[in-house]
Amino acid sequence: MTQDTLQKFIFENATVRGALIDVSATWRTVLSHHSYPPAVQAVLGEMVAAAALLSANLKFNGAIIMQIHGDGPVRLMVVECDSELRLRATAKLAPEAVIADDAKLPALLNLHGKGRFIITLDPTEKLPGQQPYQGIVPLDGADMATVIENYMLRSEQLDTKLWLATNDSTSRGLLLQKLPYHGGTAEAVPVSEDDALETWNRAVMLASTLQRHEMLGTDIGTLMQRLFWEETIRVFNPAHPQFHCSCTREKVGNMLKILGQAEVDSALEELGHVGVDCDFCGQHYSFDKVDCAQLFVSAAPAEVLIPVGEVKH
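What this report covers is the structure whose coordinates are included nearby. As the structure is a prediction and not an experimental result, all values here were calculated from the model.

## Observations regarding the overall build of the protein
Reasoning step 1: When its secondary structure is counted, the protein shows 10 helices and 15 strands.
Reasoning step 2: Considered along the principal axes of its C-alpha atoms, the protein spans approximately 70 × 45 × 40 Å.
Reasoning step 3: Burial analysis of the protein (313 residues in total) assigns 47% to the buried set.
Reasoning step 4: Long-range contacts, defined here as pairs at least 24 residues apart, represent 62% of the contacts in the protein between residues at least 6 apart.
Reasoning step 5: For the protein, the exposed area adds up to about 16200 Å²; of that, 51% sits on carbon and sulfur atoms.
Reasoning step 6: Put simply, the protein has 25 plus and 39 minus side-chain charges, and the middle of one group is 1 Å from the middle of the other.

## Notes on the nonpolar core
Reasoning step 1: Counting residues in each nonpolar core, the largest one holds 70 residues, and the members touching the most others are Met-66, Met-77, Leu-109, Phe-117, Met-144 and Ile-148.
Reasoning step 2: At 12 residues, helix α2 (residues 38-55) tops the list of elements feeding residues into this core.
Reasoning step 3: Beyond its immediate chain neighbours, meaning those up to four positions away, Phe-117 contacts Met-66, Gln-67, Ile-68, Gly-135, Ile-136, Val-137, Pro-138, Leu-139, Met-144, Val-147, Ile-148 and Tyr-151.
Reasoning step 4: In this structure, Val-16, Leu-176, Ala-203 and Leu-210 belong to the second largest nonpolar core, which totals 21 residues.

## A word on the sheet that holds strand β9 (residues 171-178)
Consider a sheet: its strands pair through backbone hydrogen bonds, and that pairing is either parallel or antiparallel.
Reasoning step 1: Pairing is antiparallel in the open sheet, where five strands are placed in the order β8-β9-β2-β1-β12. Whereas interior strands pair on both sides, the edge strands pair on one side only; in this sheet they are β8 (160-166) and β12 (233-235). Strand-to-strand twist in this sheet, taken as the mean axis angle between neighbours without regard to direction, amounts to 15 degrees.
Reasoning step 2: Of the pairings in the sheet, the one linking strand β1 (residues 5-11) to strand β2 (residues 16-22) comprises six bridges and is antiparallel in character. Its bridge partner being in β2, Lys-8 is matched across the sheet by Ala-19.

## Some words on the environment of Met-152
Reasoning step 1: Counting through the fold element by element, Met-152 comes out in helix α4 (residues 144-155).
Reasoning step 2: Distance from Met-152 to Phe-280, taken between C-alpha atoms, is 26 Å for residues 128 residues apart in sequence.
Reasoning step 3: Ignoring anything within four residues of it in the chain, the contact list for Met-152 reads Leu-54, Gln-157, Leu-158, Thr-160 and Gln-177.

## Here's the deal with the side chain of Glu-231
Reasoning step 1: Of note, Glu-231 is situated in the loop between α7 (220-228) and β12.
Reasoning step 2: In this structure the side chain of Glu-231 is engaged in a polar contact, spanning 2.9 Å, whose partner is the side chain of Arg-202.
Reasoning step 3: Setting aside its immediate chain neighbours within four residues, Glu-231 contacts Phe-11, Arg-202 and Leu-206.

## A few points about the pattern of salt bridges
Reasoning step 1: Taken as a whole, this structure holds 11 salt bridges when the rule is applied.
Reasoning step 2: Its salt-bridge partner being Arg-88, residue Glu-80 comes within 3.1 Å of it at the nearest N-O pair.
Reasoning step 3: Here Glu-214 makes a salt bridge to Arg-226, at a shortest N to O gap of 3.6 Å. Separated by 12 residues along the polypeptide, Glu-214 in helix α6 (residues 212-217) and Arg-226 in helix α7 bring together distant segments of the chain.
Reasoning step 4: Residue classification places Arg-226 among the partly exposed positions, given a relative accessible area of 47%.
Reasoning step 5: Through salt bridges that share partners, Glu-198, Arg-202 and Glu-231 make up one connected network.

Conventions we followed
Residues numbered from 1 in each chain as written. Predicted model: local features only at pLDDT ≥ 70, side-chain atom pairs only at ≥ 80, totals over all residues. Heavy atoms only, no water. Helix = DSSP H or I, 4+ residues; strand = E, 2+ residues; numbered from the N terminus. Buried < 20%, exposed > 50% of the residue type's maximum accessible area, 1.4 Å probe, protein only. Contact = heavy atoms within 4.5 Å. Areas by Shrake-Rupley, 256 points an atom, 1.4 Å probe, with all protein chains shown as cover. Lys, Arg positive; Asp, Glu negative; His and termini not counted. Charge placed at Lys NZ, Arg CZ, Asp CG, Glu CD. Core = buried A, V, L, I, M, F, W, Y, C linked by side-chain atoms within 4.5 Å. Pairing = 2+ DSSP bridges. Axes fitted to C-alpha atoms, helices over the stretch in contact; angles between N-to-C directions. Polar contact = N/O pair within 3.5 Å; in protein donor to acceptor, adjacent residues only side chain to side chain. Salt bridge = Lys/Arg side-chain N within 4 Å of Asp/Glu carboxyl O.

Structure follows, in structure tokens:
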């Protein structure tokens, strides 16, 4: 199987940084766990590429979680990517949702103008009292690239341009960001403000010549050569995203404890067990009466506790 690749680069005068990504293998794994309508696939596949591109510039050990809470036939889309570029993604549709193959993002997720776009930055090792950073904005844009560009400008004051393309087997993207300019420097490299702006405008113009069929049908190394062959750019060692789901039996058990014993007991009475399927990877977790009882035991002797991961079914 072809390995997914993230290729970061920076223009030599350091006013523009960028990244090209191919997360096609990861995307195919996501789709192997779900059957989404084509229009939903189109948006979610672009979100997968975009989340990995934004994660490339994380300056902490943790994860970026990108969510859209919709008010149309699609109620939720979530993509999570950590600092090791491990990705997972899912979407939830409204009951009995009917979705046209050519439906676009506004019709899917912002039908009544109440959709919300959320980015959460969640460090793995938090300081005492530290909470994940979360930015929430209206779902502003006709496509995924525009939504993220508007978010980055509004919430991060960072000029960002994205080009995204996906189908049922391929997911690719290109990110350009204009580095902050501070009185004669851009990221501590001397450059005039006029030169910084000229470089940014030229980079965006070159990238805007990229066609969807080119992005889907051409490897990212070739794309970089075609787009920026006249530019002096510094290329970094490539990274390799992959699908990874962080669900565990312990996490599912904690979720059931949050749900509460009364709710769990009600499900046990009705079904004889509690079954939970991971929305991301489809892994099934089953808890019988003994398993559930152990979840709510707070002070039992250690020798009689049964580790839920070892329960035999």
